[in-house]
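Here's the letter readout for the chains.
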Amino acid sequence: MKRECSIERAWRVFLGLMIFSAAAFAVLLIYSAFFAALTRQWQATSVYLIMASGLAAGTSWLCYHRTELVGLH
């Protein structure tokens, strides 16, 4: 019983860290896209925006389904 609780707690921490790191990296990509647009590097801007959009979609999916992913019962 105690082992299951520690595994569930570790899984919750891992999911939280994954959500936080994906969101932080998406923000970093948005900043990179902004600065690439300032220097008129349109190809890099579009790549950064596509990557940031994908990460934002994945992060929102993880946040929305977090309770389903955490439940190990």
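Everything numeric here is computed off the predicted structure, so don't read it as measured data. (Residues numbered from 1 in each chain as written. Predicted model: local features only at pLDDT ≥ 70, side-chain atom pairs only at ≥ 80, totals over all residues. Heavy atoms only, no water.)

*Asks:* Would you mind going over the packing of aromatic side chains with me for this structure?
*Replies:* In this description, an aromatic ring pair is defined by two values, namely the gap between the centres and the angle between the planes. As enumerated under the stated definition, the model contains two aromatic pairs in all. Consider the rings of Phe34 and Phe35, whose centres lie 5.3 Å apart with planes at 65°: the pair is edge-to-face. With a relative accessible area of 46%, Phe34 lands in the partly exposed category. (Phe/Tyr/Trp six-rings, centres within 6.5 Å; stacked < 30°, edge-to-face > 60°. Buried < 20%, exposed > 50% of the residue type's maximum accessible area, 1.4 Å probe, protein only.)

*Asks:* I would appreciate a short explanation of the confidence of the model for the protein in the present structure.
*Replies:* Per-residue confidence for the protein gives a mean pLDDT of 90, with 96% of residues at or over 70. Averaged pLDDT values over the elements of the protein bottom out at 81 in helix 3 (residues 66-70) and peak at 94 in helix 2 (residues 42-64). (pLDDT = per-residue confidence, 0-100. Helix = DSSP H or I, 4+ residues; strand = E, 2+ residues; numbered from the N terminus.)

*Asks:* For this particular structure, what's the right way to read the pattern of salt bridges?
*Replies:* A side chain of one charge can pair with a side chain of the opposite charge if their charged atoms are brought near each other. Scanning the entire structure with this criterion turns up one salt bridge. Across the pair Arg12 and Glu8 runs a salt bridge, and its minimum N-O distance is 3.2 Å. Taken together, the residues Arg12 and Glu8, both in helix 1 (residues 2-38) and four residues apart, mark about one turn of the helix. We classify Glu8 as buried; its relative accessible area is 14%. (Salt bridge = Lys/Arg side-chain N within 4 Å of Asp/Glu carboxyl O.)

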